[in-house]
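A closer look at the structure
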Amino acid sequence: MNTPVRPLQARDKPVWLALFKGYIEFYKATVSEDVIETLWQRLMRGGEGFHVALVAVDDADIPVGLAHVLFHRSTWSNGWYCYLEDLFVDPARRRKGVGRALIEAVYAEADARRCARVYWMTQETNATARTLYDRVASKSPFVQYRR
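Our subject in this report is the structure included herewith. Note that the structure is predicted; figures quoted are calculated from it, not measured. (Residues numbered from 1 in each chain as written. Predicted model: local features only at pLDDT ≥ 70, side-chain atom pairs only at ≥ 80, totals over all residues. Heavy atoms only, no water.)

Remarks on the side chain of Ser74
Mapped onto the elements of the fold, Ser74 is located in the loop between strand 3 (63–73) and strand 4 (80–89). Classification of Ser74 as buried rests on a relative accessible area of 16%. Once residues lying within four places of it in the same chain are set aside, the contact partners of Ser74 are Gly79 and Tyr81. (Helix = DSSP H or I, 4+ residues; strand = E, 2+ residues; numbered from the N terminus. Buried < 20%, exposed > 50% of the residue type's maximum accessible area, 1.4 Å probe, protein only. Contact = heavy atoms within 4.5 Å.)

Overview of unusual backbone geometry
In this structure, Asp61 is a non-glycine residue whose phi angle is positive, near 65°. Assignment of secondary structure puts Asp61 in the loop between strand 2 (52–57) and strand 3.

Overview of the layout of surface pockets
Estimates place the volume of the largest pocket at around 1600 Å³. In terms of residue count, the dominant contributor to the lining of the largest pocket is helix 2 (residues 33–45) (5 residues). Split into classes, the residues belonging to the lining of the largest pocket amount to 21 nonpolar, 8 polar and 9 charged. Taken as a whole, the second largest pocket holds about 550 Å³ of empty space. The wall of the second largest pocket is formed by 27 residues, among which Arg94, Gly99, Thr128, Ala129 and Leu132 lie closest to the centre. For the lining of the second largest pocket, the secondary structure elements donating two or more residues are helix 1 (13–26), strand 4, helix 3 (98–112) and helix 4 (127–136). Classifying every residue of the lining of the second largest pocket by side-chain character gives 13 nonpolar, 6 polar and 8 charged. (1 Å grid on protein atoms, 1.4 Å probe; cavity = no way out; pocket = protein on both sides within 12 Å on 5 of 7 lines; lining within 4 Å. Points joined across faces, edges and corners; volume = space filled by probe spheres on them. Nonpolar A, V, L, I, M, F, W, Y, C, P; charged D, E, K, R; others polar.)

Notes on the sheet that holds strand 4
Hydrogen bonds between backbone groups are what pair the strands of a sheet, and the pairing can be parallel or antiparallel. Read across the open sheet, the 5 strands follow the order 1-2-3-4-5; overall the sheet is mixed. Two strands lie at the open edges of the sheet, namely strand 1 (5–7) and strand 5 (115–119), each paired on one side alone. Ignoring strand direction, the axes of neighbouring strands in this sheet form an average angle of 25°. In this structure, strand 2 lies alongside strand 3, joined through 6 bridges in antiparallel fashion. Bridge pairing in strand 3 places Leu54 opposite Ala67. (Pairing = 2+ DSSP bridges. Axes fitted to C-alpha atoms, helices over the stretch in contact; angles between N-to-C directions.)

Now the structure itself:
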C-alpha cells in the first residue's frame, strides 16, 4: 500500500491537532496549549531553524499520520543533520505502511538537503514502533541524558 505524504497545510490544523494530541497522550506527557500553538505557528512559518512538518494522507487527502523534523548544523559535519522529533500514526491506520511512508519521506527531505544523518529516539518499551525502526534504520549505541 502506497501512502501519499505531503507538507502540512494550514487547512490541516484540526486533524493535525488531534494527531499531535494523540501523540502526546501516547507518551503520557503533558504539553500546554500555548506550546502547541507556538509549534503550529513555527510549522506554518517554516524557514531555517524551524521544524518542517509532513503528513501522510488518506484517499481524501486527510492526514492520518505526522512527522515533525528539525534540520540543524552539526559539529561533526560540514552539512546538516535531520532530527525526526515527532512521528505518530492514527492508531486505526497502524501496520499499514503509514509510518514507513513518513520515514521514507523524511529520508527524501534529508537527502534533498544533503543531510549527513537522520536520527530519532523512541521509548525503549515502544516495541511496535521499534519493529519498524529496526527495518529502516540502525539502532545507535548512544544513551540519552537530560537535565
